[in-house]
Amino acid sequence: MSEPAAKPVVLTCAQPTGRLHLGNYLGAVLNWGRMQDDHECYFGIVDQHAITVPTVPADLRANTYACLAQYMACGLDPARSRLFVQSHVTGHTELAWVLGCLCPLGQLERMTQFKDKAARQESVRAGLLTYPVLMAADILLYNAAKVPVGEDQKQHLELTRDLAQKFNHTYSDTFVIPEPYIAATGARVMSLQDPGAKMSKSDPNASATLFITDSADDIRRKVGSAVTDSGAEVRAAPDKPGVSNLLQILSACSGRPVAALEDDFRGKGYGDFKRAVTDAVEAVLAPVRSRFATFSADRAELDRVLKAGAEGAQRAAHRTLAKVHRKVGFVERPR
Ligand code: TRP
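The present account deals with the structure reproduced in this document.

About the cut-offs
Residues numbered from 1 in each chain as written. Predicted model: local features only at pLDDT ≥ 70, side-chain atom pairs only at ≥ 80, totals over all residues. Heavy atoms only, no water. Helix = DSSP H or I, 4+ residues; strand = E, 2+ residues; numbered from the N terminus. Rg over C-alpha atoms; globule rule 2.2 N^0.38 Å. Buried < 20%, exposed > 50% of the residue type's maximum accessible area, 1.4 Å probe, protein only. Contact = heavy atoms within 4.5 Å. Areas by Shrake-Rupley, 256 points an atom, 1.4 Å probe, with all protein chains shown as cover. Lys, Arg positive; Asp, Glu negative; His and termini not counted. Charge placed at Lys NZ, Arg CZ, Asp CG, Glu CD. Core = buried A, V, L, I, M, F, W, Y, C linked by side-chain atoms within 4.5 Å. Salt bridge = Lys/Arg side-chain N within 4 Å of Asp/Glu carboxyl O. Near = heavy atom within 4 Å. Nonpolar A, V, L, I, M, F, W, Y, C, P; charged D, E, K, R; others polar. Polar contact = N/O pair within 3.5 Å; in protein donor to acceptor, adjacent residues only side chain to side chain. Axes fitted to C-alpha atoms, helices over the stretch in contact; angles between N-to-C directions. Parallel < 35°, antiparallel > 145°, perpendicular 65-115°, else oblique. Left-handed = near helix turned anticlockwise from the far one by under 90°.

## Details of the overall build of the protein
Working step 1: Across its full length, the protein carries 13 helices and five strands.
Working step 2: Scaling as 2.2 N^0.38, a compact globule of 335 residues should have a C-alpha radius of gyration of about 20 Å, and the protein matches this with 22 Å.
Working step 3: Overall, the C-alpha framework of the protein stretches about 75 × 45 × 40 Å when taken along its three principal axes.
Working step 4: Counting all 335 residues of the protein, 47% fall into the buried class.
Working step 5: Taking the contacts inside the protein whose residues are at least 6 apart along the sequence as the reference set, 75% of them involve residues at least 24 apart.
Working step 6: Of the roughly 16500 Å² of accessible surface on the protein, 54% is carried by carbon and sulfur atoms.
Working step 7: Between the mean site of the 40 positive side-chain charges and the mean site of the 37 negative ones, the protein shows a separation of 3 Å.

Written out as structure tokens, the structure is:
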């Protein structure tokens, strides 16, 4: 009997931030969840990347658990996918070392994210510079074919592809060359207070961001105070960025196309419109909020998920790493 065709490997990772917002959910995590049936999915929480800038240890630990509980609440399913913490799988840093030995320093110095972040630090850590090499290792370790990432990570993915090609060329064919995967359906959610900027977890204006764990009251208040414009028409247009953003959100939450929503609200005011947005967001987030409460209250279960995720990931990582070490010329590890 022939083996069933292997499903394509998808991997994506995120730093353990304490709270996901509606933009993370509608623009990214929801789509990751949809890939779980027909792909072999790896979802990593990258704590080693997090310490490339100053962090508070207790916060990092709490955020790692919170991040896991939020991903599970959003539908990432440990029964179908590997949910793991980067530092639990030793292969990431091991492969990063080998890749770093192939990586031109100048290419790291030219990374725009490095330049941005370095400009904001008093003293720049070497890990901040080599951050993209570790990211390349995250991806190549599992031979991921598709990597869902935002625009801001495309340069890092280019470097990953370069390093994979360089390794394949220097030694022999080893790594799958990964493609960025930008979902066609991902909504682009903007700040509720400044619809020219993307919704962000670190927005100083507390009303600008809808967090996935916000209460029904928070949602009503934030949507109610969202900026619109001095007109009265519910219509998507470049000169109506606030209304356009709310239409995007309503469309993503209700599944109705923007054009149909414009028809629904013809002749109605912003009050009715905002009530509909509030209800649609609440309908989407209420189950997420309640699942998050359940998962985050059960630390033992979260630890079991991480254990299973780490074991599955480590098995795949070992296979790659054994091959890499052999090709580089390292003597086989005594067993
Ligand atoms: N650098 C990514 C970010 O900040 C996080 C990340 C680390 C990642 N390793 C990855 C994303 C591997 C995709 C694949 O968003």
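## Regarding the nonpolar core
Working step 1: Judged by nonpolar contacts, the single largest core of 54 residues is most densely connected at Tyr71, Phe273 and Val281.
Working step 2: In terms of residue count, the dominant contributor to this core is helix α12 (residues 270-296) (nine residues).
Working step 3: The contact partners of Val281, leaving out residues within four places of it in the chain, are Leu22, Leu210, Ile219, Ile249 and Cys253.
Working step 4: One finds Val89, Phe114, Ala118 and Phe167 within the second-largest nonpolar core, a separate group that totals 40 residues.

## Brief notes about the pattern of salt bridges
Working step 1: All told, the structure shown has 19 salt bridges when counted by the stated rule.
Working step 2: With a shortest N-O distance of 3.5 Å, Glu151 and Lys154 are connected by a salt bridge.
Working step 3: Take Lys154: its relative accessible area is 33%, and that puts it in the partly exposed class.
Working step 4: In this structure, Asp218 and Arg221 form a salt bridge, with 3.3 Å as the shortest nitrogen-oxygen distance. Of this pair, Asp218 and Arg221 are both found in helix α9 (residues 216-224), three residues apart, which corresponds to roughly one turn of the helix.

## Topic: the site of the ligand
Working step 1: Near the ligand, the surroundings consist of Leu11, Thr12, Cys13, Val46, His49, Tyr131, Met135, Asp138, Ile139, Val147, Val149 and Gln153.
Working step 2: Contact with the protein chains hides 89% of the accessible area of the ligand, taken as 370 Å² for the molecule alone.
Working step 3: Of the residues forming the shell around the ligand, the biggest block, four residues, is contributed by helix α7 (residues 126-140).
Working step 4: Its residues assigned to classes, the shell around the ligand comprises eight nonpolar, three polar and one charged.

## Some points on the side chain of Asp47
Working step 1: As for its placement among the helices and strands, Asp47 is situated in helix α2 (residues 47-50).
Working step 2: Within the buried set, Asp47 has no salt-bridge partner at all; the shortest N-O distance to an opposite charge, 8.6 Å, is to Arg61.
Working step 3: At a separation of 2.6 Å, a polar atom in the side chain of Asp47 contacts the side chain of Ser87.

## Concerning the packing of α9 against α12
Two numbers describe a pair of packed helices, the interaxial angle and the distance between the axes.
Working step 1: At a closest axis distance of 9 Å, the pairing of α9 and α12 adopts a crossing angle of 150°. It follows that α9 is roughly antiparallel to α12 by the angle criterion. At the point where α9 passes α12, the crossing takes the right-handed sense. Between α9 and α12, the contacting residues are Ala216, Ile219, Arg220, Val223 and Gly224 on the first element and Lys274, Val277, Thr278, Val281, Glu282, Leu285 and Arg289 on the second.
Working step 2: Of the residues assigned to the contact of α9 with α12, the class counts are six nonpolar, two polar and four charged.

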